[in-house]
2 protein chains.
Amino acid sequence: MSTLLLKTLREEPADAEVPSHRLLVRAGFVRRAAPGGYTWLPLGKLVLDRVTAVVQEEMFAAGGQEVSFPALLPREPYETSGRWTEYGDDIFTLKDRRGADHLLAPTHEEMVTLLVQEMTVSYRDFPLILFQLQTKFRDEARPRGGLLRGREFLMKDAYSFDLTDAGLAEAYERMRAAYQRIFNRLGLEHTVVAATSGAMGGSASEEFLAAAEVGEDTYVGCTACDYAANTEAVTTPAPTVRQPAAPAMAVHDTPDTPTIASLVDLANERALGGRTDWTAADTLKNVVVTVQHPGREPELLAIGLPGDRDVDLKRLNAVLAPATATLFDDFASRPDLVKGYIGPQGIKIRYLADPRVAIGTAWLTGANQPGKHATDVVAGRDFTPDGVIEAAEVRPGDPCPACDDGRLTMRRGIEIGHIFQLGRRYTDAFKVDVLGADGKPVRPTMGCYGIGLSRAVAAIAEQHHDDRGLVWPAAIAPADVHIVAAGKDGQVEAALMLGATLSRAGLRVLVDDRPNVSAGVKFTDAELIGIPRSVVVGRRLSEGYVEVRDRRSQERQEVPVADVAGVITAEAG
Amino acid sequence: MSTLLLKTLREEPADAEVPSHRLLVRAGFVRRAAPGGYTWLPLGKLVLDRVTAVVQEEMFAAGGQEVSFPALLPREPYETSGRWTEYGDDIFTLKDRRGADHLLAPTHEEMVTLLVQEMTVSYRDFPLILFQLQTKFRDEARPRGGLLRGREFLMKDAYSFDLTDAGLAEAYERMRAAYQRIFNRLGLEHTVVAATSGAMGGSASEEFLAAAEVGEDTYVGCTACDYAANTEAVTTPAPTVRQPAAPAMAVHDTPDTPTIASLVDLANERALGGRTDWTAADTLKNVVVTVQHPGREPELLAIGLPGDRDVDLKRLNAVLAPATATLFDDFASRPDLVKGYIGPQGIKIRYLADPRVAIGTAWLTGANQPGKHATDVVAGRDFTPDGVIEAAEVRPGDPCPACDDGRLTMRRGIEIGHIFQLGRRYTDAFKVDVLGADGKPVRPTMGCYGIGLSRAVAAIAEQHHDDRGLVWPAAIAPADVHIVAAGKDGQVEAALMLGATLSRAGLRVLVDDRPNVSAGVKFTDAELIGIPRSVVVGRRLSEGYVEVRDRRSQERQEVPVADVAGVITAEAG
């Protein structure tokens with residue numbers, strides 16, 4: 001440590017919002033170098049390398065072959081797949097000296113598809129799993145949380161190619177199992193949840209979420225079964241409609257009721273439709289949004305949902321991806337859309353309804369005239385939605401879509417892995433065919449599988465710290481032992497000698513041999529840095545004893561110097 | 001190999017100009033993915049990783065600490081150092097979604113200087129050597145030679161910080177020695193030559209050149225001493241002037257002599273100055289170039305040199321860097337510069353002379369009038385150059401600048417490493433001061449040290465191949481043994497079993513178990529791929545024998561199956 005590039009900080013970095021960011025900066029593992037860009041310092045680089053090595057090892061064990069694509073690529077293949085436009089501002093693009101368009105690739109589906117097209121001939125060349133460990137770049141609108149969401153980060157991306165859907169399912173399961181082994185080895189408590197595919201395309205997809213308060217993702221579990229999903233992917237069970245045949249729709253004067261709350265109050269006050277038990281859940285809220293498809297004109301969309309729920313824009317955008325939606329507010333330009341009084345009956349824009357707005361359900365909703373609402377507006381009779389959409393907020397206690405009795409619970413997590421059954425989106429785009437066993441051409445089907453390596457380091461730090469600092473799991477700690485020379489009377493020399501002995505025993509050792517630094521500061525730094533065990537070479541050295549401390553349990557034991565290697569390797573084993 | 005992503009090619013790739021490029025593509029190590037961008041395939045990635053591991057190991061052994069900076073960086077620090085402008089079109093720049101200027105960093109002097117400024121306090125924190133292994137991007141005007149000059153490549157860059165010039169010299173020597181160990185371990189025959197510093201700035205600098213016909217760099221050696229230099233850095237010994245005092249300058253009619261050859265002919269014909277032994281070396285050629293300093297107006301520069309030599313634009317540009325020079329040809333715009341008849345006497349633009357144009361030397365040169373030349377134009381009497389410039393071509397047989405008797409020899413090489421004593425250019429730019437031992441501020445001095453890792457793979461392939469394919473040095477081969485199942489009668493199973501045995505013995509094994517591939521094709525592929533030893537499992541397997549082949553020497557020996565591991569590990573040791 002007397003020569004290590006390290007300066008621990010006592011103060012919280014001003015820009016750090018989350019514990020992992022604060023601690024990784026304070027303990028000298030990373031340092032901000034650019035907006036959303038971090039420099040890995042020597043201790044941090046050791047941790048990142050260990051995480052990377054675990055991932056590489058498990059990818060090889062799962063039959064993966066390592067390749068490495070360029071990060072800077074010409075526009076054409078991404079134009080062919082449509083992603084140049086779909087990703088829009090989210091990717092970095094540039095022109096080279098000849099004016100040719102390039103991008104810093106977000107992932108490499110296009111390139112790996114082209115490679116497989118060039119390098120394979122027949123069914124004998126399949127199945128294939130290719131992976132790479134690569135720095136990725138994304139022009140994040142809001143980089144946050146240090147390593148959690150950066151503009152430059154290290155990623156493991158893998159791609160599987162199979163000739164049958166069953167083969168894809170098998171590759172997917174193999175990668176899923178590898179991911180669970182990886183995250184277990186990294187000490188990450190995680191949940192696998194159903195996910196949406198987003199701009200990646202494809203069908204089935206699951207996310208690996210590390211439980212963490214600071215996570216950007218919200219996911220649900222079930223009180224009764226093992227259902228788990230990202231809130232973006234939660235499906236809503238359609239109600240069984242047992243309502244009696246509703247009377248004919250009736251329009252009522254409902255002045256000054258532009259909100260659901262004011263409408264419910266007035267409806268009960270005036271006993272609309274003869275009822276005084278109206279609740280927000282009996283009303284149909286109609287929300288208008290502007291949908292922007294990449295490279296197309298914006299279009300309006302109305303979403304109908306029970307009045308006790310809001311539209312969750314994150315869920316809506318997940319459904320619409322690669323298009324994006326924003327709330328519409330230019331009602332002056334559309335007199336047919338009467339703000340606060342919109343109803344689905346006769347609406348002139350595309351109308352999608354929440355699954356709860358099932359055929360046969362009757363609603364209190366807008367009458368498309370200022371100050372008027374209608375009762376007994378029945379789905380399938382008075383209006384027919386253009387389709388169903390999952391865009392309503394999910395709440396704890398909502399019914400589970402996978403079992404009869406369960407209720408949803410909600411937690412927050414960090415997305416550390418994402419696996420997709422892509423299917424043939426990319427092999428179709430590039431018209432990849434190989435010779436099948438029967439002599440006819442076959443089009444391969446793909447999976448893709450990503451792990452954020454730098455983000456995983458942050459997730460580990462989120463799950464493994466206490467109020468004194470980081471507490472690294474042994475498998476990825478920057479060293480196995482932290483030796484602290486507590487005093488000056490030959491203790492520095494003894495610490496260095498002990499370090500050499502432990503190194504020879506195969507342990508990775510950090511020795512705090514700093515002169516002019518007090519024992520107290522050294523202890524504080526050791527706890528901040530978080531190496532699993534430290535050995536304090538202090539006053540009792542003269543009697544032949546040192547103290548071995550466990551970072552996590554805070555246990556301390558006096559050990560004869562000669563036994564230290566044995567004690568630590570025994571514990572490590 | 002039945003599952004490996006590999007398709008060897010019999011034909012030469014159309015775009016491959018050099019042996020390493022041809023062989024690395026044909027043998028399935030790399031594949032072109034973009035202009036100047038290559039994908040590393042599984043075999044190639046193994047080699048690149050081994051090269052990288054050797055470099056990393058030696059950097060640690062030399063006291064280096066590994067860090068990792070972002071590649072995508074904001075403009076400001078590079079503006080402060082001046083490199084944003086100096087590099088011009090040679091770097092990739094882009095704007096992020098907020099319109100802020102960024103670059104893909106060519107190297108990280110700015111960032112490492114800022115990091116050291118933030119992370120150090122006093123003399124106790126020095127010396128420091130930091131290094132990283134990183135993908136770099138450069139907008140090469142002419143990517144060529146496959147991995148030799150790409151737009152995206154892997155590089156090891158290191159930076160040393162010391163408080164004294166002696167400290168810098170010591171760090172420089174330590175890195176120099178580490179580089180020699182690295183290149184020896186990689187099996188690269190190389191020469192260390194004096195070099196110019198180019199846009200990097202700084203004083204002393206040396207290049208490590210791997211001897212190769214296809215190299216872009218020309219370097220000189222000496223027949224008598226150990227002088228070695230890149231031609232760009234060769235200095236010209238100034239002649240000892242022993243000419244008698246020359247008569248006064250005289251102007252002569254020399255119609256139709258716009259070239260040196262026509263001038264020499266006419267001078268001898270007409271016995272100008274009473275001589276008939278004129279040669280081109282007696283004439284003074286004056287070449288006008290346009291010099292473009294980054295961010296400034298272009299300026300004209302005249303270069304005077306003996307008429308038997310041309311200006312070497314590569315040498316000139318090395319001297320002028322970061323400015324660049326092109327030949328001036330718009331003589332119509334400058335009537336004072338009489339094309340073909342320019343002389344240095346009274347010239348109105350900046351005039352720099354070759355060292356051979358020493359004070360006291362007399363020349364036959366232009367008289368600045370159409371059709372007229374002057375004799376006895378004496379340097380220091382009739383004209384005084386604004387300075388000396390090294391821009392004339394270097395030729396084999398030129399006198400050595402380092403000894404009295406030696407003559408220069410010339411070879412071509414690939415630049416695989418470059419080390420610089422930078423000095424305080426960057427610590428001055430960012431005003432980095434630390435507390436010295438005497439309590440006063442000290443400004444650190446820097447060195448920087450680069451190795452092109454992907455280029456090193458190409459250089460190794462250039463030096464280690466024959467007409468059958470690649471011949472990898474054992475230390476970086478993609479495997480230790482290549483087992484070929486030559487037939488079908490249980491030989492594939494035996495090959496796989498032998499492979500498992502050798503793996504357990506610690507060897508890295510590639511087994512050619514491909515069905516439906518003939519023994520001949522397998523042998524050809526084994527020679528193309530170039531693993532140091534192969535084991536042929538063939539007909540004599542039934543008698544308990546296999547054949548061990550040495551790729552380099554082509555020696556073959558029959559070995560009992562049970563002895564293979566022993567034979568190969570003995571040879572490998």
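The rules we used
- Residues numbered from 1 in each chain as written.
- Chains lettered and ligands numbered in written order.
- Predicted model: local features only at pLDDT ≥ 70, side-chain atom pairs only at ≥ 80, totals over all residues.
- Heavy atoms only, no water.
- Least-squares fit on C-alpha atoms with pLDDT ≥ 70 in both.
- Pairing = 2+ DSSP bridges.
- Helix = DSSP H or I, 4+ residues; strand = E, 2+ residues; numbered from the N terminus.
- Contact = heavy atoms within 4.5 Å.
- Axes fitted to C-alpha atoms, helices over the stretch in contact; angles between N-to-C directions.
- Buried < 20%, exposed > 50% of the residue type's maximum accessible area, 1.4 Å probe, protein only.
- Buried area = accessible area lost by both parts, 1.4 Å probe.
- Salt bridge = Lys/Arg side-chain N within 4 Å of Asp/Glu carboxyl O.
- Polar contact = N/O pair within 3.5 Å; in protein donor to acceptor, adjacent residues only side chain to side chain.
- Nonpolar A, V, L, I, M, F, W, Y, C, P; charged D, E, K, R; others polar.

Enquirer: How do you make sense of the relation of the copies chain A and chain B when you look at a structure like this?
Expert: The pair of chain copies shares a relation made of a rotation about an axis and a shift along it. It takes a turn of 180° to lay chain A on chain B, together with a shift of 0.0 Å along the axis; the resulting RMSD is 0.1 Å. In the structure described here, the two chain copies are related by an operation that fits a two-fold rotation axis. For chain A, the minimum C-alpha distance to the rotation axis belongs to A:Leu94 and amounts to 2.6 Å.

Enquirer: Is there a simple way to think about the sheet that holds strand β17 (residues 350–353) of chain B in this case?
Expert: Paired through backbone hydrogen bonds, the strands of a sheet run either parallel or antiparallel to each other. Residue and element names in this part refer to chain B. Spatially, the five strands line up as an open sheet ordered β16-β14-β15-β17-β20, and their pairing is mixed. Whereas interior strands pair on both sides, the edge strands pair on one side only; in this sheet they are β16 (324–327) and β20 (387–388). Taken together, the four bridges between strand β15 (residues 299–306) and β17 define a ladder with parallel strand orientation. Its bridge partner lying in β17, Leu301 is registered against Arg350. With respect to the sheet, helix α8 (residues 313–320) is in contact with β14 (284–292), β15 and β16, its orientation differing from that of β16 by roughly 145°.

Enquirer: Any chance you could explain the pairing of strand β30 (residues 545–550) of chain B here in plain terms?
Expert: Along a regular strand, successive side chains alternate from one face of the sheet to the other. Residues and elements named next belong to chain B. Direction of pairing for strand β29 (residues 533–537) relative to β30: antiparallel, over a ladder of four bridges. Note that in β30 the partner of Ser534 across the bridge is Arg549. Taken together, the five bridges between β30 and strand β31 (residues 556–560) define a ladder with antiparallel strand orientation. Following the sheet pairing, Val548 is matched in β31 by Gln557. Between β30 and β31, which pair antiparallel one after the other, the connecting turn spans five residues, and Gln554 there sits at a positive phi close to 65°.

Enquirer: Can you help me understand helix α12 (residues 519–529) of chain A in this one?
Expert: One full turn of an α-helix is made of 3.6 residues, so residues set three or four places apart face in the same direction. Along α12(A), the residues that are buried comprise A:Lys522, A:Asp525, A:Ala526, A:Glu527, A:Leu528 and A:Ile529. As for α12(A), its buried residues are in contact with α1 (19–26), α2 (42–61), β26 (469–470), β27 (481–485) and β28 (509–512) of chain A.

Enquirer: Please explain the interface of chain A and chain B as it appears in this structure.
Expert: Each partner contributes to the interface: chain A provides 54 residues, whereas chain B provides 54 residues. Taken together, the two surfaces of chain A and chain B that pack against each other cover about 4,900 Å², and 57% of this comes from carbon and sulfur. In terms of surface lost to chain B, no three residues of chain A exceed A:Leu5, A:Arg97 and A:Met119, which account for 16% of the buried area on that side. The tally of links from chain A across to chain B stands at eight salt bridges. Note that B:Asp90 is salt-bridged to A:Arg97, the shortest N-O span being 3.1 Å. Our enumeration of links across chain A and chain B arrives at 26 residue pairs in polar contact (both at pLDDT 80 or more). Residue composition of the side of chain A that touches chain B, grouped by class: 28 nonpolar, 10 polar and 16 charged.

Enquirer: Can you walk me through the pattern of salt bridges in this structure?
Expert: Pairing of side chains with opposite charge becomes possible as their charged atoms draw close. All names here are of chain A. Per the counting criterion, the structure on display carries 98 salt bridges over all chains. In this structure, the salt-bridge partner of Glu110 is Arg83, at a minimum N-O distance of 2.8 Å. Taken together, the residues span a long stretch of sequence, with Glu110 in helix α5 (residues 109–119) and Arg83 in helix α4 (residues 83–87) at a distance of 27 residues. Exposure remark for Glu110: the relative accessible area of 0% places this residue in the buried category. In this structure, the salt-bridge partner of Arg551 is Glu527, at a minimum N-O distance of 4.0 Å. Placement of the pair is Arg551 in the loop between β30 (545–550) and β31 (556–560) and Glu527 in helix α12, with a sequence separation of 24 residues. Judged on exposure class, the residue Arg551 and its partner Glu527 are both buried. In this structure, a network of salt bridges that share partners links the residues Glu17, Glu140, Arg144, Arg149 and Glu216.

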